[in-house]
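Coordinate analysis (summary)
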Amino acid sequence: MNKYALTAAAALFLATSAPSFAFDAGVGLRAPSQATRISCDTHAEDDQAVCASKCEDAYLKDQQGWTADMSKIKSAKKACDDKCGCPQNSKGL
């Protein structure tokens, strides 16, 4: 009985998580393997993530000014993200 319960629990977990992995891979959110993974997450600690984090920090700091020119700030953020290799971080600007 115990092995059937464990098998059922594992099957339930796989059935609920498989669509998530399939969707992420389909839209390109996950790299094919961990060895080639590129991190544009601003909370990670690799070099690319640190660069993306600096772009985000500069963008937030610059837009706080009273006379901030938002078109210049947005173009600077896009250029910084392109330099870091993370153009998807400034997609919604």
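First things first, this report covers the structure right here in the doc. Treat the numbers as computed from the prediction; the structure is a model and nothing was measured.

**With respect to the state of the cysteines**
Per the stated rule, a full pass over the model turns up two disulfides. One disulfide in the model links Cys51 with Cys84; its S-S distance is 1.7 Å. One quick way to see it: the torsion about the S-S bond of Cys51 and Cys84 is about -65 degrees, and its sign makes the bridge left-handed. Taken as a pair, Cys51 in helix α2 (residues 47-62) and Cys84 in helix α3 (residues 70-84) lie far apart in primary sequence, 33 residues in all. Looking at Cys84, the relative accessible area reads 10%, which means it is buried. One disulfide in the model links Cys55 with Cys80; its S-S distance is 1.8 Å. Here Cys55 and Cys80 share a disulfide; its torsion about the S-S bond, -75 degrees, makes the bridge left-handed. Separated by 25 residues along the polypeptide, Cys55 in helix α2 and Cys80 in helix α3 bring together distant segments of the chain.

**A few points about the packing of α2 against α3**
Two elements in contact, α2 and α3, have axes separated by 9 Å at closest approach and are oriented at 175 degrees. For the element pair α2 / α3, the angle class is roughly antiparallel. Together, Gln48, Cys51, Ala52, Cys55, Glu56, Tyr59 and Asp62 of α2 and Met70, Ile73, Lys74, Lys77, Cys80, Asp81 and Cys84 of α3 make up the contact between the two elements. Its residues assigned to classes, the contact of α2 with α3 shows eight nonpolar, one polar and five charged.

**Some details on the pattern of salt bridges**
Evaluated as defined, the whole model comprises three salt bridges. In this structure, Lys77 and Glu56 form a salt bridge, with 3.2 Å as the shortest nitrogen-oxygen distance. Of this pair, Lys77 sits in helix α3 while Glu56 sits in helix α2, and the two are 21 residues apart along the sequence. Given the relative accessible area of 25%, Glu56 is considered partly exposed. With a shortest N-O distance of 2.8 Å, Lys77 and Asp81 are connected by a salt bridge. With Lys77 and Asp81 both in helix α3 and four residues apart, the pair spans about one turn of that helix. In this pair, the class of Lys77 matches that of Asp81, namely buried.

**Structural notes on α3**
Residues spaced three or four apart along an α-helix face the same direction, because each turn holds 3.6 residues. Here α3 is 15 residues long and its end C-alpha atoms lie 21 Å apart, about the 21 Å a rise of 1.5 Å per residue gives. Those residues of α3 that sit buried are Ile73, Lys77, Asp81 and Cys84. Looking straight down α3, one finds its buried side chains confined to an arc of 70 degrees; they lie on one side. Structural note: α3 exposes Ser71, Lys72 and Lys83 on the side pointing more than 90 degrees away from its buried face. Those residues of α3 that are buried are in contact with α2. Gly85 sits one or two positions beyond α3 and adopts a positive phi of about 85 degrees.

Rules used throughout
- Residues numbered from 1 in each chain as written.
- Predicted model: local features only at pLDDT ≥ 70, side-chain atom pairs only at ≥ 80, totals over all residues.
- Heavy atoms only, no water.
- Disulfide = S-S within 2.5 Å.
- Helix = DSSP H or I, 4+ residues; strand = E, 2+ residues; numbered from the N terminus.
- Buried < 20%, exposed > 50% of the residue type's maximum accessible area, 1.4 Å probe, protein only.
- Axes fitted to C-alpha atoms, helices over the stretch in contact; angles between N-to-C directions.
- Parallel < 35°, antiparallel > 145°, perpendicular 65-115°, else oblique.
- Contact = heavy atoms within 4.5 Å.
- Nonpolar A, V, L, I, M, F, W, Y, C, P; charged D, E, K, R; others polar.
- Salt bridge = Lys/Arg side-chain N within 4 Å of Asp/Glu carboxyl O.
- Expected span 1.5 Å × (residues − 1).
- Arc of directions from axis to C-beta.

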